Amino acid sequence: MASRGLRILGHNLSTMLRTHRAPLRTCPQLMCTAAQQPNNPAQEREEEKSKKPAEESTEQWAAEKTKLEEQVKEYTDKYKRALADTENLRQRSQKMVEDAKLYGIQGFCKDLLEVADILEKATQSVPKEEIKAENPHLKNLYEGLVMTEGQMQKVFKKHGIVKLNPVGAKFDPYEHEALFHAPAEGKEPGTVALVTKVGYKLHERTLRPALVGVVKGA
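Rules of the game
Residues numbered from 1 in each chain as written. Predicted model: local features only at pLDDT ≥ 70, side-chain atom pairs only at ≥ 80, totals over all residues. Heavy atoms only, no water. Helix = DSSP H or I, 4+ residues; strand = E, 2+ residues; numbered from the N terminus. Contact = heavy atoms within 4.5 Å. Areas by Shrake-Rupley, 256 points an atom, 1.4 Å probe, with all protein chains shown as cover. Salt bridge = Lys/Arg side-chain N within 4 Å of Asp/Glu carboxyl O. Buried < 20%, exposed > 50% of the residue type's maximum accessible area, 1.4 Å probe, protein only. Pairing = 2+ DSSP bridges. Axes fitted to C-alpha atoms, helices over the stretch in contact; angles between N-to-C directions. Core = buried A, V, L, I, M, F, W, Y, C linked by side-chain atoms within 4.5 Å. Expected span 1.5 Å × (residues − 1).

Peer 1: Help me get a handle on the overall build of the chain, residues and values and all.
Peer 2: For the chain, the count of helices and strands is five helices and six strands. For the chain, the succession of helices and strands along the chain, N to C, is α-α-α-α-α-β-β-β-β-β-β. The contacts of the chain with a sequence gap of at least 6 include a subset with a gap of at least 24, amounting to 64%. Just so you have it, the chain exposes about 17,500 Å², and 58% of that area is on carbon and sulfur atoms.

Peer 1: Break down the pattern of salt bridges for me, with residues and values.
Peer 2: Scanning the entire structure with this criterion turns up seven salt bridges. In this structure, the salt-bridge partner of Glu87 is Arg90, at a minimum N-O distance of 2.7 Å. On the criterion of helical spacing, the pair formed by Glu87 and Arg90 is a turn pair, its members being three residues apart in helix α3 (residues 41-103). Close ionic contact of Lys201 with Glu175 constitutes a salt bridge, the shortest N to O distance being 3.0 Å. Note that Lys201 is positioned in strand β4 (residues 199-202) and Glu175 in the loop between β1 (161-164) and β2 (176-182), a separation of 26 residues in sequence. In terms of burial, Lys201 and Glu175 fall into one category: buried. Residues joined in a network through salt bridges with shared partners are Glu114, Asp117 and Arg208.

Peer 1: Got a sec to walk through the sheet that holds strand β5 (residues 205-208)? Specific residues and values, please.
Peer 2: Taken together, the three strands give an open sheet; going across it, the order is β1-β4-β5, and neighbouring strands pair in antiparallel fashion. For this open sheet the edge positions go to β1 and β5, each flanked by a neighbour on one side alone. With direction set aside, neighbouring strand axes in the sheet form an average angle of 35°. Of the pairings in the sheet, the one linking β1 to β4 comprises four bridges and is antiparallel in character. Residue pairing for β4: Val162 is matched across the bridge by Lys201. Contacting β1, β4 and β5, helix α4 (residues 106-125) runs over the sheet at an angle of about 55° to β5.

Peer 1: Report on the nonpolar core, specifying residues and quantitative values.
Peer 2: Grouped together as the largest cluster of nonpolar side chains are 18 residues, with contacts concentrated most on Phe156, Ile161, Tyr200, Leu207 and Val212. Where this core is concerned, the elements lending two or more residues are α4, α5 (136-158), β3 (192-197), β4 and β6 (210-215). It is α4 that contributes the most residues to this core, four residues altogether.

Peer 1: Describe the environment of Lys187, and please don't skip the residues or the numbers.
Peer 2: Along the chain, the position of Lys187 falls in the loop between β2 and β3. For the pair Lys187 and Val215, spaced 28 residues apart in sequence, the C-alpha to C-alpha distance is 7.1 Å. If we ignore the near neighbours within four places in the chain, the residues touching Lys187 are Ala193 and Val215.

Peer 1: Would you mind going over α5 in detail, with residue names and values included?
Peer 2: The end-to-end C-alpha distance of α5, which contains 23 residues, comes to 33 Å, matching closely the 33 Å that a straight helix rising 1.5 Å per residue would cover. Along α5, the residues classified as buried are Tyr142, Leu145, Glu149, Met152 and Phe156. Residues of α5 that are buried make contact with α4, β1 and β4. Immediately beyond the C-terminal end of α5, within one or two residues, lies Gly160, with a positive phi of roughly 85°.

Structure representation (structure tokens):
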């Protein structure tokens, strides 16, 4: 009897031990309920504090980006304007150099015009009927004057100086200077009827205007 009682007691102890050692099963409903429970106020305040510096940093970076973009645009505009000003200055300087090369002899040419006028008057003052073989000295002098005048005109042409003798041409205030206006039969009003002194141009720039008489309308 005693041994049987011991066996029953051992069986009961084994059953109890197996019951207590069984693993705890987790209830899904309990887990969902725990997940749905709100955080405590202290934890929420900590999360809010951590979010604020991040938002402030983002706004600060956005403002700094906008400021830098405006500065880049401003400096780009200044750079383009500086390039344009430099190019304009270069072109003006180049034009001044070219004009100096073309018109640097303008003062010297004006002085030579007086010499050309004297030669022209000298040849025109010689009576054509006196130029003959019986008067060799006058003939040689006249021919020398004509050759000198012709050579001077060639030098003028070589350096861009052109004579203006606008008889019958339309009056141009940039090239002609009107000394008087007079009616002229058979001529269109506003045209040059008489040239009292020829003019000259230097590379398309009027060096000396021609002194002219202009036809006046009836």
